[in-house]
Amino acid sequence: MQEFKHFINGVYIGSQSGKTFENRSPVDNSLIGLVHEAGREEVDAAVAAARAALSEPWGKLTQAARIELLNKVAERINERFDEFLEAECRDTGKPHKMAAHIDIPRGAANFKAFSETLANHPTEAFRLDTPDGAGALNIGQRTPKGVIAVISPWNLPLLLMTWKVGPALACGNTVVVKPSEETPATTTLLGEVMNECGVPPGVFNVVHGFGPDSAGAFLTAHPGIDAITFTGETRTGEIIMQAASVGLRNISLECGGKNPAIVFADCNLEKAVEGSMRSAFVNCGQVCLGTERIYVERPLFDAFLRRMKEETAKLKPGRPDDPEANFGPLVSLEHREKVLSYYRLAEEEGATVEIGGGVPDMGAALNEGAWISPTIWTGLSDDARVVREEIFGPCCHIRPFDSEEEAIALANDTRYGLAAAIWTENSSRAIRVAEQIEAGIVWVNSWFLRDLRTAFGGAKQSGIGREGGVHGLEFYTELKNICIKM
Ligand code: NAD
């Protein structure tokens, strides 16, 4: 039986309490292994190891030496690509095809992308005139923030965790990671890679467990943590923000979304359908940037809906290693119950179920898994809960609109502000509309097209702060101004 242990000070250790919980496959509900649940002892040990490593040896390394080590980590993930792929797909059930294209390569690239940004980032300097004429020189010096707690979700486990660990370590911090209880495997495996690459013990630590009254809460409340970076639900973000308020610790929050797409009649229909299919259904709809509300200009509405239904009918669910499969299960039976409750609610709220709406028959070998049908609704009112709340499943509501102003108002009618997609061949309209959308990321004629140097983060209740490129420096470093009088 596989065991997922904590990784503390370069060594894998089990919980002192002996407490474990089951990790089950979403494909067929079979048992994958047992995960050790951290108590306060393990969290204390992980934070102590991270703090000890902070000044020495990690803090004594030059930036170039740190970057070289992190480049090695990226290369080693790629060398062990198949093991990471297998581990990620076992935990999440997602198709190998998808994880081999997105999760694992991006998981590795995250260690390189930020290193290059950092190596090329200039130091801020201002010369100040003074009454005596001699002047003064101001130099902005960035120092590591300290020990960073990284709390990550289950939908893109390796990618979203390394998106934080890469810049945190490059800036000279040390980390304690608490991966999602649903997906412990790739974060655990990364410990081996850190050791193989010679990253000093204590720089990268992992504790497993749940949120409330478990590893997540113990870690975020720990006074030895200097800053917390979190990706997950907005409600959890609020709780973590409260924990961070004790001791005025800094936070970075990447939270939920209810992202809109606006499809204008002058778009390239096939491109809009291809992009909207991905944004609604890739990763079984479990992408924070995914589209759950699609607004289509009325003259195109019928054609767009028909093409979406045709393409949805072609999605092929199957085991991760099935080369034909492009649609996996949801992450767990528990999450399926949540998504199905919205499928039921949609009908209660008066939706027309255009396609899907339930659970597919996957055959005896897979029917115990967390499978669900991709679903399209029409006909809901703008205040329906299904249109307002994040579902995080393979589903979207499609509604017609008549004017640009109406489309913008509908898109912005949400407490979230993570991402949006606009489909039009009219570039001045694209810019005009994009400027009025209340979101951190707006794509025009694309979706999930990411340049890792750009800012990533949400407006409104989708988060606080920006990650990516130089923007990550604000969170992962302390900016000190040194003023030298000449
Ligand atoms: P979640 O909030 O339930 O859990 C995320 C992590 O927080 C897990 O590791 C969990 O154990 C931990 N946690 C839960 N309660 C905690 C507590 N009280 N204290 C400390 N830690 C706690 O989210 P999830 O279900 O794993 O992920 C799905 C959500 O993540 C969706 O809302 C999605 O939109 C969001 N998400 C956002 C982004 C983004 O970049 N904005 C990316 C991916 C996912």
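Residues numbered from 1 in each chain as written. Predicted model: local features only at pLDDT ≥ 70, side-chain atom pairs only at ≥ 80, totals over all residues. Heavy atoms only, no water.

### Some thoughts on the UniProt feature "domain: Aldehyde dehydrogenase" (unreviewed entry) in the protein chain
On the UniProt side, "domain: Aldehyde dehydrogenase" (unreviewed entry) is annotated at positions that read residues 14-482 here. Between the C-alpha atoms that bound residues 14-482 there is a distance of 45 Å. The span itself is 40% helix and 20% strand. (UniProt positions renumbered as here; feature names shortened; annotations may be inferred. Helix = DSSP H or I, 4+ residues; strand = E, 2+ residues; numbered from the N terminus.)

### Remarks on the sheet that holds strand 1 (residues 2-4)
Taken in spatial order, the three strands make up an open sheet running 1-5-4, and their pairing is mixed. Edge strands, defined here as strands with exactly one partner in the open sheet, are strand 1 and strand 4 (20-24). With strand direction ignored, the average angle separating the axes of adjacent strands in the sheet is 30°. Looking at chain direction, strand 1 and strand 5 (residues 31-36) are connected through three bridges and run parallel. In the strand pairing of strand 5, Glu 3 is matched with Leu 34. (Pairing = 2+ DSSP bridges. Axes fitted to C-alpha atoms, helices over the stretch in contact; angles between N-to-C directions.)

### Focus on the packing of helix 2 (residues 63-79) against helix 7 (residues 185-197)
One way to put it is that helix 2 packs onto helix 7 with a least axis distance of 9 Å and a crossing angle of 125°. What the angle tells us is that helix 2 and helix 7 run oblique. As helix 2 packs across helix 7, the resulting crossing turns out to be right-handed. Seen from helix 2, the contacting residues are Leu 69, Lys 72, Val 73, Arg 76 and Ile 77; seen from helix 7, they are Leu 190, Val 193, Met 194, Glu 196 and Cys 197. Its residues placed into classes, the contact of helix 2 with helix 7 shows seven nonpolar, no polar and three charged. (Parallel < 35°, antiparallel > 145°, perpendicular 65-115°, else oblique. Left-handed = near helix turned anticlockwise from the far one by under 90°. Contact = heavy atoms within 4.5 Å. Nonpolar A, V, L, I, M, F, W, Y, C, P; charged D, E, K, R; others polar.)

### Considerations on the site of the ligand
Of all residues adjacent to the ligand, which total 30 residues, the nearest are Lys 178, Glu 181, Thr 236, Cys 255 and Glu 390. One of the backbone N or O atoms of Ser 152 is found 2.8 Å from an oxygen atom in the ligand. Gly 232 places a main-chain nitrogen or oxygen 3.5 Å from an oxygen atom of the ligand. With the chains in place, 93% of the 840 Å² that the ligand exposes on its own is no longer accessible. Where the shell around the ligand is concerned, the elements lending two or more residues are helix 8 (215-221), strand 11 (227-231) and helix 9 (234-245). Among the elements that take part in the shell around the ligand, helix 9 stands out by supplying three residues, more than any other. For the shell around the ligand, the residue count by class is 16 nonpolar, nine polar and five charged. (Near = heavy atom within 4 Å. Polar contact = N/O pair within 3.5 Å; in protein donor to acceptor, adjacent residues only side chain to side chain. Areas by Shrake-Rupley, 256 points an atom, 1.4 Å probe, with all protein chains shown as cover.)

### Points about the sheet that holds strand 17 (residues 395-401)
Spatial strand order, 15-16-17-14-13-19-20: seven strands in an open sheet with mixed pairing. What marks the edges here is a single partner per strand, and that holds for strand 15 (352-355) and strand 20 (441-444). Between one strand axis and the next, the sheet turns through 25° on average, direction left out of account. By the bridge criterion, three bridges tie strand 13 (residues 259-263) to strand 19 (residues 419-423) in an arrangement that is parallel. Paired with Ala 261 across the bridge in strand 19 is Ala 421. In this fold helix 14 (residues 404-412) packs onto strand 13, strand 14 (291-297) and strand 17, with an angle of close to 150° to the strand it touches most, strand 17. Docked against the sheet, helix 15 (residues 427-436) engages strand 13, strand 14, strand 19 and strand 20, running at close to 160° with respect to strand 19.

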